[in-house]
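Survey of secondary and tertiary structure
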Amino acid sequence: GFQARLLVPSEVFDAEIMGRYLAHVNLWAAHHNIIWHNERYYYNPLISRLEPIGFDAVPLTPLFSSTSYLDLGQYDDPKVMKAYAQEVKRITQPEYLGEFAASHQIDYTRYYNALVQEFGPDQLQAPWDTSCWVNTCPEIWGIAASLPGT
């Protein structure tokens, strides 16, 4: 039904979870995650809807995010887009990014030190370093800035 466009996304997917998932995929430029052969879903029998499972994301990698942001056309549903817009607004706030950095800095530093000689510092930017987002996915900042408060 969904692929033939007989069902709208909120009839197939948990709209709240899908909207939030797409916001994170877009923000982190994790487009490799939504290539058809990398998509994974969990069927939630309690609500009879699919929920996305993040898999093989390769975030913040220009090779896999050649377009600035993903095409949301197939998820054009007011329920999914409302959840998407609210999540974009939330996760682009400096407070969120500060909390995210504080809770992940120790692990990031440990992994960075283990991997930097093999991959180089340009491939291991901290995910809360917004300069890497602006370079990888600049349009998301314009979208987030234009959203009304949630």
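The structure this text deals with has already been given above.
Right, let's walk through the structure included here. In this text the structure is predicted, and so the values were computed from the model without any measurement.

**Overview of the overall build of the chain**
Of regular secondary structure, the chain possesses six helices and two strands. Put simply, the chain runs from its N terminus to its C terminus through helices and strands in the order α-α-β-β-α-α-α-α. Every one of the 150 residues in the chain was classed for burial, and the buried ones make up 37%. Once local pairs closer than 6 in sequence are excluded, the contacts in the chain between residues at least 24 apart make up 69%. Summing over all exposed atoms, the chain offers an accessible surface of approximately 9,000 Å²; the carbon and sulfur share of this is 57%.

**A word on helix α4 (residues 94-119)**
The end-to-end C-alpha distance of α4 is 28 Å, clearly below the 38 Å that 26 residues give at a rise of 1.5 Å each. The largest bend along α4 reaches roughly 55° and is located at His 104. Taken as a whole, α4 has its buried residues at Tyr 96, Leu 97, Phe 100, Ala 101 and Tyr 108. After α4 finishes, the residue Gly 120 shows a positive phi value of roughly 85°.

**Examining the side chain of Asn 44**
Within the element layout of this structure, Asn 44 appears in strand β1 (residues 40-44). For Asn 44, the side chain forms a polar contact with the main-chain nitrogen of Leu 46, separated by 2.9 Å. Each residue touching Asn 44, except ones within four places of it in the same chain, is listed here: Arg 49 and Glu 51.

What counts as what
Once a new chain begins, its residue numbering starts again from 1 and follows that chain's sequence as written. Only residues with pLDDT of at least 70 get local features here, since the model is predicted, and only at 80 or more are side-chain atom pairs given and counted; chain-wide, interface and lining totals rely on the full set of residues. The basis for every side-chain value is the complete set of heavy atoms in the structure, and neither hydrogens nor water enter the calculation. A run of DSSP states H or I qualifies as a helix once it reaches four residues; a run of E qualifies as a strand once it reaches two. Both are numbered from the N-terminal end. Throughout this description, buried means an accessible area under 20% of the type-specific maximum (1.4 Å probe, protein chains only), exposed means over 50%, and partly exposed covers the range between. Working rule for contacts: check all heavy atoms of both residues, and any pair within 4.5 Å makes them a contact. Using a 1.4 Å probe, accessible areas were evaluated by the Shrake-Rupley method; residue-level cover was limited to the displayed protein chains. Take the residue count of a helix, subtract one, and multiply by 1.5 Å to get its expected span. Note that the bend at a residue is defined as the angle between axes fitted to the seven residues ending at it and the seven residues starting at it. Identification of polar contacts relies on pairs of N or O atoms within 3.5 Å, with a donor-acceptor requirement for protein atoms, meaning one able to donate a hydrogen and the other able to accept it, and with residues adjacent in sequence counted only if both atoms are side-chain atoms.

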